[in-house]
Amino acid sequence: DLAISFLTPHYFVAKKVRAKKKIAWIHTDYSRVQVNISSELTMWNAYDYIVSISQSVSKSFLQVFPSLTSKILLIENILPYSLILEQSKEHLIANKDEYIYLLSVGRYCTAKNFDNIPDICSRLIQQGFKIRWYIIGFGGDEPLIRQKISDAHMQDHVILLGKKANPYPYIKACDLYVQPSRYEGKCVSVIEAQILEKPVVITDYSTSSSQLEDGVDGVIVPMDNEGCATGIAALLRNPDKMRQLSANCKKLDYSNAQEVEKIYQLVEA
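Residues numbered from 1 in each chain as written. Predicted model: local features only at pLDDT ≥ 70, side-chain atom pairs only at ≥ 80, totals over all residues. Heavy atoms only, no water.

Novice: With reference to specific residues and values, describe the pattern of salt bridges.
Specialist: For the structure shown, the criterion picks out 10 salt bridges. Linking Glu184 and Lys112 is a salt bridge whose minimum nitrogen-to-oxygen distance equals 2.7 Å. Of this pair, Glu184 sits in the loop between β8 (176-179) and α8 (188-195) while Lys112 sits in the loop between β5 (100-105) and α5 (117-126), and the two are 72 residues apart along the sequence. With respect to burial, Glu184 and Lys112 carry one shared label: buried. Of the charged contacts, one joins Arg146 and Glu142 as a salt bridge, the two residues approaching to 3.0 Å between their closest N and O atoms. With Arg146 and Glu142 both in helix α6 (residues 142-151), this residue pair falls 4 residues apart, about one helical turn. In the salt-bridge network here, residues are joined through shared partners; they are Asp115, Lys148 and Arg182. (Salt bridge = Lys/Arg side-chain N within 4 Å of Asp/Glu carboxyl O. Helix = DSSP H or I, 4+ residues; strand = E, 2+ residues; numbered from the N terminus. Buried < 20%, exposed > 50% of the residue type's maximum accessible area, 1.4 Å probe, protein only.)

Novice: Describe the sheet that holds strand β1 (residues 2-5), and please don't skip the residues or the numbers.
Specialist: Spatial ordering of the open sheet is given by β1-β2-β3-β4, a layout of 4 strands whose pairing is parallel. A strand with exactly one partner marks an edge of an open sheet, and here the two such strands are β1 and β4 (72-74). Ignoring strand direction, the axes of neighbouring strands in this sheet form an average angle of 30°. Pairing of β1 with strand β2 (residues 21-26) involves 4 bridges; the strand directions are parallel. Of the residues in β2, the one forming a bridge with Ile4 is Ile23. (Pairing = 2+ DSSP bridges. Axes fitted to C-alpha atoms, helices over the stretch in contact; angles between N-to-C directions.)

Novice: Give me the lowdown on the sheet that holds β5, citing residues and values where you can.
Specialist: Read from one edge to the other, the open sheet built from 6 strands follows the order β7-β6-β5-β8-β9-β10, with strand pairing classed as parallel. Each of the sheet's edge strands pairs with one partner strand only, and the pair in question is β7 (158-162) and β10 (219-221). Each adjacent strand pair in this sheet contributes to an overall mean axis angle of 25°, direction not counted. Contacting β5, β6 (131-136) and β7, α5 crosses the sheet at an angle of about 165° to β6. (Contact = heavy atoms within 4.5 Å.)

Novice: Describe the packing of aromatic side chains, naming the residues involved and giving the relevant values.
Specialist: Summed over all chains, the structure comprises 7 aromatic pairs. Between Phe6 and Trp25, the aromatic rings sit 5.2 Å apart at their centres with planes inclined by 55°, giving tilted as the arrangement. With a gap of 19 residues between them, Phe6 in the loop between β1 and α1 (11-16) and Trp25 in strand β2 connect regions that are remote in the sequence. With relative accessibility at 42%, the residue Phe6 sits in the partly exposed group. Considering the side-chain rings of Phe61 and Phe65, the 5.0 Å spacing of their centres and the 45° angle between planes classify their relative orientation as tilted. For the pair formed by Phe61 and Phe65, the shared burial category is buried. (Phe/Tyr/Trp six-rings, centres within 6.5 Å; stacked < 30°, edge-to-face > 60°.)

Without other data, these values stay purely geometric and don't point to any function.
Dropping the structure here:
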């Protein structure tokens, strides 16, 4: 009845699956990626609907493919709210000491900008903070990130944890969640951190305003390393602000389970 292609490339469902209706997802900021427009138009036109995860993602996509306006449908990332809360309770051995624990989660790739974390961390340490910055994930940029850690002499401060089947206890245990991305669609791990009532910092990538409300349920800092470090430092020096961000996250509803109704409507239409 309905075939869903959730990740690119979307040629497989387009060519190899028989279904009454077909939908494909877009997750990224199309103003930041290079595409073969004619080839991708052929691919996208094979679908009845194209699902975007945020208004900002829709806008950037339609700037590249304006002829596909009638196919765009907004369905935000559907998160397993109760499961996240339950899995965050898994026991994690952590020594609480004088260090401030920062955490980032995502693919080791250009978009996530983890290769600049060692330099940002070094700037925070130079300002007198005792930082341990953990990174959960995996991907092709791991050698680059490890080299940057070595170049900045941050081996004791920036730690790659690799892939974790359950990252939620780590999110729950950190003092501050940081997403220093170069670009995003709408970052799931940021919302997961907000569900777990963590203060969150993100960089001012082009879709950042659709991710959170600056100063309410997170803080948006400049993209450059100096500005990012300065923004993080300002928040770390303001524990009242960090507590307020956490309290605001607790008040807000990030569950969005109702979004699945949009998929049911596509099946029944």
